[in-house]
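Here is how the chains run, residue by residue.
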Amino acid sequence: MTVHMIKLCVGVDSIEDLSAWQKMRLAHGNRVGDRRLFHATRMIPKRKDELADGGSIFWVMKGVVQVRQRITGFDDGERPDGTRCCLIQLDPKLVPVRPTPRRPFQGWRYLKVEDAPADLAPGAADDVAQMPAAMRRELADLGLL
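Residues numbered from 1 in each chain as written. Predicted model: local features only at pLDDT ≥ 70, side-chain atom pairs only at ≥ 80, totals over all residues. Heavy atoms only, no water.

**Student:** Teacher, can you tell me more about the nonpolar core here?
**Tutor:** Nonpolar side chains in soluble globular proteins tend to end up buried together. Formed by 19 residues in total, the largest nonpolar core has its most connected members in Leu-18, Trp-59, Met-61, Val-67, Ile-71, Ile-88 and Leu-90. Sorting the residues of this core by element identifies helix H1 (15-28), strand E3 (56-61), strand E4 (64-78) and strand E5 (84-90) as the ones contributing at least two each. Excluding residues within four positions of it along the chain, Val-67 makes contact with Ile-15, Leu-18, Ile-57, Phe-58, Trp-59, Met-61, Leu-94, Val-95, Pro-96 and Val-97. Ile-6, Phe-58, Val-65 and Ala-116 belong to the second largest nonpolar core, which has eight residues in total. (Core = buried A, V, L, I, M, F, W, Y, C linked by side-chain atoms within 4.5 Å. Buried < 20%, exposed > 50% of the residue type's maximum accessible area, 1.4 Å probe, protein only. Helix = DSSP H or I, 4+ residues; strand = E, 2+ residues; numbered from the N terminus. Contact = heavy atoms within 4.5 Å.)

Pasting the structure below:
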């Protein structure tokens, strides 16, 4: 059974910022010296088989779930200080989702498929993506997105 993951996207204000950062990472490589996209986490998810079965990571930016990326696999990694970590491999495609307010939390959480924000329709995604990030947040807070 598929399950998703939800994670705060610290230091990123918008989908555009995340896209630019990830494109730079793909172009120049990352800390392990290759051009894969991944999120490094200290702990290996106990439900990694369910995550790998079509799961996505939903990114929370400035208190709003705004976008998701499909999880493509897991790998062992090492942080710059030598500690072991888990690399959650990500598809480079960012899929805008219905903006949904989310309170801050630490780490990551599992997200049931039925509780995940819906993908935006292609035309709607373009319209929402054109809005300034502050406007998206405010509309989501008001329940209008």
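**Student:** Looking at this model, I keep getting lost on unusual backbone geometry. Mind explaining?
**Tutor:** The phi angle of most residues is negative, glycine excepted, and most peptide bonds adopt the trans form. For Lys-62, which is not glycine, the phi torsion reads 55° and is therefore positive. Inspection of the secondary structure puts Lys-62 in the loop between E3 and E4.

**Student:** Got a minute to help me understand the pairing of strand E1 (residues 4-8) in this structure?
**Tutor:** Look at any regular strand and the pattern is simple: side chains alternate between the two faces of the sheet. Counting buried positions along E1 gives four out of five residues, so the element sits mostly inside the fold. For E1 and strand E7 (residues 108-111), the ladder comprises four bridges, and the chain directions are antiparallel. Pairing of Ile-6 across the sheet is with Arg-109, part of E7. Bridge analysis of E1 against E3 gives four bridges, and the strand direction is parallel. Across the sheet, residue Leu-8 finds its bridge partner in E3, namely Val-60. (Pairing = 2+ DSSP bridges.)

**Student:** Which parts of the structure should I look at to understand the packing of aromatic side chains?
**Tutor:** The description of an aromatic ring pair uses the distance of the two centres, along with the angle that the planes make with each other. Taken as a whole, this structure holds one aromatic pair when the rule is applied. Arranged with centres 5.1 Å apart and planes meeting at 75°, the rings of Trp-108 and Tyr-110 form a pair that is edge-to-face. On the accessibility criterion, Tyr-110 (28% relative accessible area) is partly exposed. Taking NZ or CZ as reference, Arg-25 lies 4.5 Å from the ring centre of Phe-38, over its face. Across the ring face of Tyr-110, the terminal group of Arg-47 is positioned such that the distance to the ring centre comes to 5.0 Å. (Phe/Tyr/Trp six-rings, centres within 6.5 Å; stacked < 30°, edge-to-face > 60°. Lys NZ or Arg CZ within 6 Å of the ring centre and 35° of its normal.)

**Student:** How do you make sense of the pattern of salt bridges when you look at a structure like this?
**Tutor:** Where charged atoms of side chains with opposite charge meet at close range, the side chains can pair. This model, assessed by the stated rule, comprises five salt bridges. Asp-91 is paired through a salt bridge with Arg-70; the nearest N and O atoms lie 3.0 Å apart. Of this pair, Asp-91 sits in the loop between E5 and strand E6 (95-101) while Arg-70 is found in strand E4, placing the two residues 21 residues apart along the sequence. Judged by relative accessible area, which is 39%, Arg-70 ranks as partly exposed. Where Asp-76 meets Arg-84, a salt bridge forms, and the shortest distance between an N and an O atom there is 3.9 Å. Of the residues examined, Arg-84 reaches a relative accessible area of 53% and is grouped as exposed. (Salt bridge = Lys/Arg side-chain N within 4 Å of Asp/Glu carboxyl O.)

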